Amino acid sequence: MRTVAVLGGGIGGLATSYYLCKSPQITKVIVLESSSRLGGWLWSTRRSDGAVFEHGPRGIRPAGAVGRNTLNMVEDLGLAAELLPITYSHVAAKNRYLYVKGKLHRMPSGISGLLRTVPPFSRPLLLSVAKEILVKKSKKDDESIHSFVSRRLGQELADIAVDSLCRGVFAGDCRKLSVRSCFPPLYNAEQHRGSLTLGMLLGSGPSPVVVSGPLAQRSLKESWAQWSLKRGVESLPESISDYLQQSGKVELHRDAAVQRICPSPAGWKIHLENGVVTADHIFSALPAKALSSALPSSCQPLIQELQDIATVTVAVVNLEYDGSILPVTGFGHLLPSSEDPALLGVVYDSVPFPEHNRSDGQTTRLTVMMGGAWFQEEFGPPEMVTEERLLERATDAVSFHLGVNSSPCWSLVSVHRDCIPQYYEGHHRRVESMRSFIKKNELPLSLVGACYDGVSVNDVIFSGRTAVQELLGA
Ligand SMILES: Cc1cc2nc3c(=O)[nH]c(=O)nc-3n(C[C@H](O)[C@H](O)[C@H](O)COP(=O)(O)OP(=O)(O)OC[C@H]3O[C@@H](n4cnc5c(N)ncnc54)[C@H](O)[C@@H]3O)c2cc1C
Ligand SMILES: C=Cc1c2[nH]c(c1C)Cc1[nH]c(c(CCC(=O)O)c1C)Cc1[nH]c(c(C)c1CCC(=O)O)Cc1[nH]c(c(C)c1C=C)C2
């Protein structure tokens, strides 16, 4: 393998390039990114007074094989000294809230949370968990998350807890999202152990083998629940991009939108606005729809399947208030869709990461997230909604939910168009079918990024590593 093109300079494309760079089989990597900034949704605003505001992910989980893999990369990039870990004993890890029927409720945790009746739930969770062991295994090859959880744990948990959780991870509707693709450990626990409870106790199936480097070992020893970076999570793509530049193997092209890709005897011809690039193999880390529009008509079933992967738009409103204004302390709160469809949740950023507050004086940073699967019905087309309307909706939520009556001293409104892919029921079949089309037609193409095998930063990085390994061997 000689020259490889990586389409898209989000974390998926950068991570893929990082793993490609490590291989002696690769002589040249060409990264093509349409915008003027690398990193995609890993996007941090750094103010001159030291404050950091995240517009995308704000905390990354160290747990599991994919979490360890990211920490190995962080260590290799020399970013360990920049880490801001929070442990499981931190209030931001212990306290998460649900806003239900006009009140904030701490989500039940620990043994006492299982044994007691904890509002907004009407009975102890232990009863649902105990009955769950007796529920028969489904014969379906996929199911919506809501149907799966109602069947196994009861409708109340599905309507409140799981509905909110899906909004807090996918900004999506648990009645449409696939349990198999969104929460594989839940699906596997039922398939392999016949129950979620037994799956939790005995393990729900094999997971990829990733050796823990010293940093990953430290995260385990110190019980890290999540981590960020001193200058915000955007430091991760920045650091990968420095590493790629220093390797001497990688050409990073910003403002280079891929318009069309055409198979050629030598591999691919990639058409940009002003020029053509050739490559032996393409790793696409583009959003599925962008790849779909770039492919030639000869790739028809693939084009349609990429097109059919839905995405949602999220409005992210970063707010800064003078003083310490929160009535509770924790990571944040979520709302079930029955409470307020458009208002997904509020992150209390100053609690997990006070280091990102401005250096002088006490402030509180919050992020209000809105829209998701309910964006259109509440706000109409994303290009029509005004910043004023979104800001007012966000500050109203802070005042109603948290009793904060002061106005923010600073705010920033962003509308992230099509930012989170939605894995609807049957997603795994679609992904399998796309990959088998590529294989059958011997297309030198690998699919990487949030549209296929997991939306978290860890999953996306791991998808880059897996795709490189599949092409080049371990
Ligand atoms: C608001 C929000 C909060 C989140 N919170 C978390 C969290 O707390 N924890 C977590 O783990 N994950 C979180 N995520 C998810 C995670 O950030 C994303 O799933 C991940 O960053 C996606 O990476 P990607 O590289 O696949 O895609 P992207 O970041 O979308 O990258 C794709 C890149 O392709 C470029 N591109 C598009 N079209 C073209 C073209 N034609 N030619 C060239 N380039 C093109 C784009 O400009 C972009 O840079 C969050 C996401 C959002 C939006
Ligand atoms: C309110 C909307 C959102 C909030 N975060 C996201 C949205 C759409 C996006 C998001 N959050 C997480 C992930 C990664 C999942 C992973 O596997 O690591 C993504 C894409 C992490 C996450 N956030 C919450 C949970 C329960 C998780 C799963 C992992 C974990 O347990 O840490 C809860 C949560 N998210 C938001 C709020 C306000 C909130 C809870 C109080 C914001």
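Keep in mind that what you see is a predicted model, and the values were worked out from it rather than measured. (Residues numbered from 1 in each chain as written. Chains lettered and ligands numbered in written order. Predicted model: local features only at pLDDT ≥ 70, side-chain atom pairs only at ≥ 80, totals over all residues. Heavy atoms only, no water.)

Engineer: Honestly, the UniProt feature "domain: Amine oxidase" (unreviewed entry) in the protein chain in this entry has me stumped. Any pointers?
Structural biologist: Here, the residues flagged by UniProt with the feature "domain: Amine oxidase" (unreviewed entry) are residues 11-472. Regarding residues 11-472, the helix share stands at 38% and the strand share at 22%, and the terminal C-alpha atoms are separated by 21 Å. (UniProt positions renumbered as here; feature names shortened; annotations may be inferred. Helix = DSSP H or I, 4+ residues; strand = E, 2+ residues; numbered from the N terminus.)

Engineer: What exactly am I supposed to notice about helix H12 (residues 235-247) here?
Structural biologist: It helps to recall that an α-helix has 3.6 residues per turn; residues three or four apart then point in one direction. Compared with an ideal rise of 1.5 Å per residue, which puts 13 residues at 18 Å, H12 spans 18 Å between its outermost C-alpha atoms and is within 8% of the ideal. For H12, the full list of buried residues reads Ser235, Leu236, Pro237, Ser239, Ile240, Ser241 and Leu244. Each element contacted by the buried residues of H12 is listed here: helix H1 (11-21), strand E3 (44-46), helix H2 (64-76), strand E8 (224-229), strand E9 (250-253) and helix H18 (457-472). Remark: glycine 248 follows H12 within two positions and exhibits a positive phi of approximately 75 degrees. (Expected span 1.5 Å × (residues − 1). Buried < 20%, exposed > 50% of the residue type's maximum accessible area, 1.4 Å probe, protein only. Contact = heavy atoms within 4.5 Å.)

Engineer: What am I meant to see in the site of ligand 1 here?
Structural biologist: Within the structure, ligand 1 sits among 31 residues, and Gly12, Glu33, Val258, Val455 and Val457 are positioned closest to it. Taking valine 258, its main chain carries an N or O atom lying 2.9 Å from a nitrogen atom of ligand 1. Where the shell around ligand 1 is concerned, the elements lending two or more residues are H1, strand E18 (410-421) and H18. In the shell around ligand 1, the residues fall into 18 nonpolar, eleven polar and two charged. (Near = heavy atom within 4 Å. Polar contact = N/O pair within 3.5 Å; in protein donor to acceptor, adjacent residues only side chain to side chain. Nonpolar A, V, L, I, M, F, W, Y, C, P; charged D, E, K, R; others polar.)

Engineer: How should I be thinking about the packing of H1 against H12 in this particular structure?
Structural biologist: Two quantities define a packed helix pair, namely the angle between the helix axes and the distance between the axes. In the contact formed by H1 and H12, the axes pass within 10 Å of each other and the chain directions differ by 35 degrees. The element H1 and its partner H12 pack so that their crossing is left-handed. Here H1 contributes Ile11, Leu14, Ala15, Ser17, Tyr18 and Cys21 to the contact with H12, which in turn contributes Leu236, Pro237, Ile240, Tyr243, Leu244 and Ser247. The residue makeup of the contact of H1 with H12, split by class, is ten nonpolar, two polar and no charged. (Axes fitted to C-alpha atoms, helices over the stretch in contact; angles between N-to-C directions. Left-handed = near helix turned anticlockwise from the far one by under 90°.)

Engineer: How do you make sense of unusual backbone geometry when you look at a structure like this?
Structural biologist: Outside of glycine, negative phi angles account for most residues, and trans bonds account for most peptide bonds. The omega torsion across proline 119 and proline 120 is 10 degrees, close enough to zero to call that bond cis. Position of proline 120 relative to the elements: it lies in the loop between helix H4 (110-115) and helix H5 (125-132). With a phi close to 55 degrees, serine 223 is a non-glycine residue in the positive phi region. Positive phi values are uncommon outside glycine, yet glutamate 442 reaches one of about 50 degrees. Here glutamate 442 is to be found in the loop between helix H17 (427-440) and strand E19 (445-447).

Engineer: Hey, could you run me through the site of ligand 2 in this one?
Structural biologist: If you check the shell around ligand 2, you find 19 residues, and the closest are Arg61, Arg96, Gly168, Val169 and Gly332. The separation between an oxygen atom of ligand 2 and a polar side-chain atom of arginine 61 is 3.0 Å. Residue composition of the shell around ligand 2, by class: eleven nonpolar, five polar and three charged.

Engineer: Whenever I open this one, the pattern of salt bridges confuses me. Can you help?
Structural biologist: Applying the stated criterion across every chain, the model contains 24 salt bridges. Among the ionic pairs, glutamate 251 bridges to lysine 28, the shortest N-O distance being 3.3 Å. One end of the pair, glutamate 251, is in strand E9; the other, lysine 28, is in strand E2 (residues 28-32), with 223 residues separating them in the sequence. Since its relative accessible area comes to 32%, glutamate 251 is described here as partly exposed. We note a salt bridge from arginine 429 to aspartate 141, for which the minimum N-O separation is 3.0 Å. Here the residue arginine 429 occupies a position in helix H17, and aspartate 141 occupies one in the loop between H5 and helix H6 (145-153), the gap between them amounting to 288 residues. One network of salt bridges, with partners in common, ties together Arg47, Asp49, Glu320, Asp322, Arg358 and Asp360. (Salt bridge = Lys/Arg side-chain N within 4 Å of Asp/Glu carboxyl O.)

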